[in-house]
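Listed below, chain by chain, are the residues.
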Amino acid sequence: MVYRRTHQVVKRLAARRNAILAAARDAAAEGGMAAVQIAPVATRANVAAGTVYRYFPSKADLISELIADVSRAELTAIRRAADAAPGPSSALAAAVTTIAVHVVSNRKLAWGILAEPVDVDVTESRVASRREIAAEVETRIEAAVRAGHLPAQDISLAATALIGALHESLVGPLAPDDIDDPVKLRDSVQAITLFALRAVGVLDARARGLVVQAVMPVMPVRRELGALVG
């Protein structure tokens, strides 16, 4: 007779897997990807190291799934913000603002997801996560072009360029050192959103209006980001 897992067993296994991923995320947020090691993550998740290996056969598997998990959460937030906007241009502004806030709300984790050197190969997961976010931005640009709010352009190239600008300016080695200050953080998010809108062809006055209207989401990782809402 084939054994079938009960609903409770499935829930318990999923909860344990989520706890391991949450522990890995907390480790990366505090110490970068170098801190994502099996034994410390197991301790954080209150499980045995062997249990971690049962869900993630290698460190590469764990980090790859961490990248995918963080990216899925970001993508959900981007879509929610954009879908709540009143029009295609506002949706684009909301999407860009949400990406920027996600990046600056936890720069160490964002850098780990994007480009921090690690001793295992997670290239595939990193590229997939970027491709998904860029595709969402591309969708928002395309909608604004179709509505006549933006000029015709290479939408795929524009979306990729915007993602690159957001990452490089907010989390890369050239990002400002004092961006953790809530006021400067808010100003940086608004400035990069304004830049992004201008870059795809939104006229300056309209772009400024969209930036003012965009609601900055409150991120759970950094409670002080509540000061950004408004």
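Quick caveat: nothing in here was measured; it's all calculated off a predicted structure.

The rules behind the values
Within each chain, residue numbers correspond to sequence positions counted from 1 in written order. Totals for whole chains, interfaces and linings use all residues, but because this is a predicted model, local features are given only for residues with pLDDT of at least 70 and pairs of side-chain atoms are given and counted only at 80 or more. Heavy atoms from the whole structure form the basis of all side-chain values; hydrogens and water molecules are not counted. A run of DSSP states H or I qualifies as a helix once it reaches four residues; a run of E qualifies as a strand once it reaches two. Both are numbered from the N-terminal end. Only C-alpha atoms enter the radius of gyration, while the globule expectation follows 2.2 Å times N to the 0.38, with N the number of residues. Exposure classes here rest on a 1.4 Å probe applied to the protein chains alone. A residue is buried below 20% of its type maximum, exposed above 50%, and partly exposed in between. Residue contacts are defined here by distance: any two heavy atoms, one from each residue, within 4.5 Å place the two residues in contact. Method for areas: the Shrake-Rupley scheme with a 1.4 Å probe, in which residue coverage is limited to the protein chains shown. Two residue types count as positive, namely Lys and Arg, and two as negative, namely Asp and Glu; His and chain ends fall outside the count. To locate a charge, the coordinates of NZ of Lys, CZ of Arg, CG of Asp or CD of Glu are taken. UniProt positions are given in the numbering used here, feature names are shortened, and annotations may be inferred rather than shown by experiment. Whenever a helix is involved, its axis is fitted only over the stretch in contact; in every case the axis is a line through C-alpha atoms, and angles between N-to-C directions fall within 0 to 180 degrees. With respect to orientation, any angle under 35 degrees is reported as roughly parallel, any angle over 145 as roughly antiparallel, any angle of 65 to 115 as roughly perpendicular, and every other angle as oblique. Each crossing gets its hand from how the near helix is turned against the far one by less than a right angle, where anticlockwise is left-handed and clockwise is right-handed. The nonpolar class holds Ala, Val, Leu, Ile, Met, Phe, Trp, Tyr, Cys and Pro. Asp, Glu, Lys and Arg form the charged class, and all remaining residues, Gly among them, are polar. Whenever Lys or Arg places a side-chain nitrogen within 4 Å of a carboxyl oxygen from Asp or Glu, that contact is recorded as a salt bridge. Counting of polar contacts relies on pairs of N or O atoms within 3.5 Å, with two restrictions inside protein: one atom must be capable of donating a hydrogen and the other of accepting it, and residues adjacent in sequence are counted only when both atoms are side-chain atoms. Delimitation of the domains relies on an automatic or database domain assignment. Cavities and pockets were defined on a 1 Å grid built from protein atoms only: a cavity is a group of points that admits a 1.4 Å probe but offers it no way out, a pocket is an open group of points flanked by protein on both sides within 12 Å along at least five of seven lines, and a lining residue is one with an atom within 4 Å of any such point. Grid points are joined across faces, edges and corners, and a volume is the space filled by probe spheres set on the points.

Right, let's talk about the overall build of the protein chain for a bit. Helix and strand content of the protein chain: 10 helices and 0 strands. When the helices and strands of the protein chain are read in sequence order from the N terminus, they spell out α-α-α-α-α-α-α-α-α-α. Radius of gyration (C-alpha) of the protein chain: 19 Å, near the 17 Å computed for a compact globule of 230 residues. Counting only C-alpha atoms and orienting by the principal axes, one finds that the protein chain spans roughly 65 × 45 × 30 Å. The 230 residues of the protein chain split such that 45% are buried. In the protein chain, of all internal contacts separated by at least 6 residues, the share reaching a separation of at least 24 is 67%. Per element, the accessible surface of the protein chain, about 11,800 Å² overall, is 56% carbon and sulfur. Treating the 27 positive side-chain charges of the protein chain as one cloud and the 24 negative ones as another, the clouds have centres 8 Å apart.

On to the UniProt feature "domain: HTH tetR-type" (unreviewed entry) in the protein chain, then. Taking the UniProt record as the reference, the feature "domain: HTH tetR-type" (unreviewed entry) is found at residues 14-74. In residues 14-74, the share of helix is 80% and the share of strand is 0%. The end C-alpha atoms are 20 Å apart.

A separate point is the packing of helix H5 (residues 88-105) against helix H8 (residues 155-170). Packed helices, taken two at a time, are described by their axes: the angle between them and the distance between them. For the pair H5 and H8, the least separation of the axes is 10 Å and the interaxial angle reads 30°. It follows that H5 is roughly parallel to H8 by the angle criterion. Crossing angle aside, the handedness with which H5 passes H8 is right-handed. Of the residues in H8, those in contact with Val96, Ile99, Ala100, Val103 and Val104 of H5 are Ile163, Leu166, His167 and Leu170. Partitioned by chemical class, the residues of the contact of H5 with H8 number 8 nonpolar, 1 polar and no charged.

What follows concerns the UniProt feature "DNA-binding region" (unreviewed entry) in the protein chain. Residues annotated in UniProt with the feature "DNA-binding region" (unreviewed entry) correspond here to residues 37-56. Structurally, residues 37-56 comprises 75% helix and 0% strand, and the distance from its first C-alpha atom to its last is 12 Å.

Right, let's get into the pattern of salt bridges. Going through the model one piece at a time under the given rule, you end up with 12 salt bridges. A salt bridge links Asp204 to Arg198, with the shortest nitrogen-to-oxygen separation between them at 2.4 Å. Under the relative-accessibility criterion, Asp204 is labelled partly exposed at 34%. You can call Arg198 partly exposed: its relative accessible area is 38%. Several salt bridges converge on common partners, so that one network encompasses Arg17, Glu65, Asp69 and Arg72.

If you trace the backbone, Glu116 turns up in the loop between helix H6 (107-114) and helix H7 (123-146). Among buried charged residues, Glu116 stands out as having no salt bridge; its nearest opposite-charge side chain is Arg126, 5.8 Å away. A polar atom in the side chain of Glu116 sits 2.8 Å from the backbone nitrogen of Met33. Residue contacts for Glu116: discarding those within four places in its chain leaves Gly32, Met33, Ala34, Trp111 and Arg126.

Interface size is commonly expressed as the accessible surface area that is lost when the partners come together. Once the domains are mapped, the protein chain shows domain 1 (1-57) and domain 2 (60-213). The interface of domain 1 with domain 2 comprises 18 residues on the first partner and 15 residues on the second. For Arg17, the salt bridge is made with Glu65, and the minimal N-O distance between the two is 3.6 Å. Across the domain 1-domain 2 interface, the total number found is 3 residue pairs in polar contact (both at pLDDT 80 or more).

The next subject is the side chain of Thr193. Its place among the elements puts Thr193 in helix H9 (residues 182-199). When its relative accessible area of 1% is taken as the criterion, Thr193 is described as buried. Discounting chain neighbours no more than four positions away, the residues touching Thr193 are Ala93, Val96, Thr97 and Val211.

Taken as a whole, the largest pocket encloses approximately 220 Å³ of empty space. Contributing to the lining of the largest pocket are 14 residues, with Ala81, Ala94, Gln213, Ala214 and Val215 lying nearest its centre. Of all elements in the fold, only helix H4 (59-84), H5 and helix H10 (204-213) reach the threshold of two or more residues within the lining of the largest pocket. No other element matches H5, which puts 4 residues into the lining of the largest pocket. When grouped by side-chain class, the residues that make up the lining of the largest pocket number 11 nonpolar, 3 polar and no charged.

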